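Chain by chain, the residues run as shown.
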Amino acid sequence: MGDSTKEKQLAAQEAVKLVEDGMTLGLGTGSTAYFAIEEIGQKVRNGFSLKAVPTSARTEEQARGLGIELVSIDDVDSIDLTIDGTDEFDDDLNLIKGGGGALLKEKMVARITDRQVIIADSTKHVERLGAFKIPVEVLPFTVNYVKSMIDESGGIGHIRMNGDDFYLTDEKNYIVDADYGLMEDPYEISDFLNDIEGVVCNGLFLDLAEIVIIGKDDSVVTYEREADDEEPDEEEGTEERLFA
Ligand code: 5RP
């Protein structure tokens, strides 16, 4: 087993090589993203002009301290590149995220990002997602209801606590960590969770990561999503709308 701190650092350094002058970046949350943000701060000190959308209060504080120009998520239409961590990833580059409680902004940022790069130590690579419980962010007054819906569906809902208090997200919501064991079909579980009234966001990040970079011992391994050539090309000047 490698040194996980070193592996995180190596993955972060490799990912930051993808940062180009003038980009708008998404900044992830967690101990691995931390190293990437430090490296990005170094790029700014070296003269890069960058804007960045932070995914949590912690990340915002770190980035501000490094002199990185920050923009709010609702003030950008798109993000060129996001570097974020993960709690698990599989061979399809699907993820479980939200161990650090920042899943809502992390998912929104991922949705509007052109190139989502995930960094991790080698322990995060799994054959099947689900050993890590799926964080589910919920409106506070629905927490028992969401837990019971998860329990009735065949999972086990664990309400996340912080000592004797409910764990609070940056948005002042609660989290139920859902244990479905190793999942055969994470898409089905994600749809089920999203349909429960009170659920704000779930930690299954499906079809969002383009690249996963891990540190493995003293080197890095990069996994890239295979090009999806089934998507029809959009004609210039047309926009696909759901209800038109
Ligand atoms: C925070 C996250 C983190 O990216 C995830 O928990 C991984 O954290 P770390 O890099 O500390 O292992 O999703 O909400």
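Note that the structure is a prediction, hence the values are computed from the model and not measured.

S.K.: Give me the lowdown on the sheet that holds strand S1 (residues 24–27), citing residues and values where you can.
M.R.: Think of a sheet as strands paired side by side through backbone hydrogen bonds, with each pair either parallel or antiparallel. Here we have seven strands laid out as an open sheet, ordered S3-S2-S1-S4-S7-S15-S16, and mixed in their pairing. Edge positions in the sheet fall to strand S3 (69–70) and strand S16 (219–224), since each has one partner strand and no second. Sheet topology note: the strand S7 (residues 113–121)/strand S15 (residues 211–216) ladder contains five bridges and is parallel. Paired with valine 117 across the two strands is isoleucine 211, which belongs to S15. Along the sheet, helix H2 (residues 31–45) contacts S1, strand S4 (79–84) and S7; its crossing angle with S7, the most-contacted strand, is approximately 120 degrees.

S.K.: Before we move on, can you summarise the pairing of S4 with the specific residues and values?
M.R.: For S4, a buried count of five out of six residues is recorded, marking the element as mostly surrounded by other parts of the structure. Judged from the three bridges that link them, S1 and S4 form a sheet pairing that is parallel. Residue pairing for S4: glycine 26 is matched across the bridge by threonine 82. Pairing analysis gives five bridges linking S4 to S7, with the strands arranged parallel.

S.K.: Provide a residue-level description of the domain arrangement of the protein chain, including the pertinent values.
M.R.: Domain annotation of the protein chain identifies domain 1 (4–123 + 205–220) and domain 2 (134–202). Facing the 16 residues of domain 1 at the interface are 16 residues of domain 2. Interface area for domain 1 against domain 2, summed over the two sides, is near 1200 Å², with a carbon-plus-sulfur share of 59%. Among the residues domain 1 hides against domain 2, the three largest losses belong to Leu103, Leu104 and Leu206. Together they make up 40% of the total. Residue glutamate 171 pairs with lysine 105 through a salt bridge whose shortest N-O separation is 3.5 Å. Connecting domain 1 to domain 2 are eight residue pairs in polar contact (both at pLDDT 80 or more). Top contributing element to the side of domain 1 that touches domain 2 by residue count: helix H4 (residues 103–111), with four residues.

Calculation criteria
- Starting afresh in each chain, residues are numbered from 1 along the sequence in its written order.
- For this predicted model, a pLDDT threshold of at least 70 governs which residues receive local features, and a threshold of 80 or more governs which side-chain atom pairs are given and counted, while totals over whole chains, interfaces and linings are taken from all residues.
- Derived side-chain values reflect all non-hydrogen atoms in the structure, with water molecules and hydrogen atoms excluded from consideration.
- One requirement defines pairing of two strands: DSSP has to find at least two bridges between them.
- By the criteria applied, helices consist of DSSP H or I runs no shorter than four residues and strands consist of E runs no shorter than two, each listed in order from the N terminus.
- The contact definition used throughout considers only heavy atoms, calling two residues in contact when any of these lie within 4.5 Å.
- Lines fitted to the C-alpha atoms define the axes, with helices restricted to the stretch that makes contact. Angles between their N-to-C directions range from 0 to 180 degrees.
- Think of it in three bands: with a 1.4 Å probe and only protein chains considered, a residue is buried below 20% of the maximum accessible area for its type, exposed above 50%, and partly exposed in between.
- All the domain ranges listed were derived from an automatic or database domain assignment.
- Values labelled buried area give the accessible surface lost by two parts on being combined, using a 1.4 Å probe and summing over both.
- Whenever a carboxyl oxygen of Asp or Glu lies within 4 Å of a side-chain nitrogen of Lys or Arg, that contact is scored as a salt bridge.
- Whenever two N or O atoms come within 3.5 Å, that pair is a polar contact, provided that in protein one can donate a hydrogen and the other can accept it, and provided that, for residues adjacent in sequence, both atoms are side-chain atoms.

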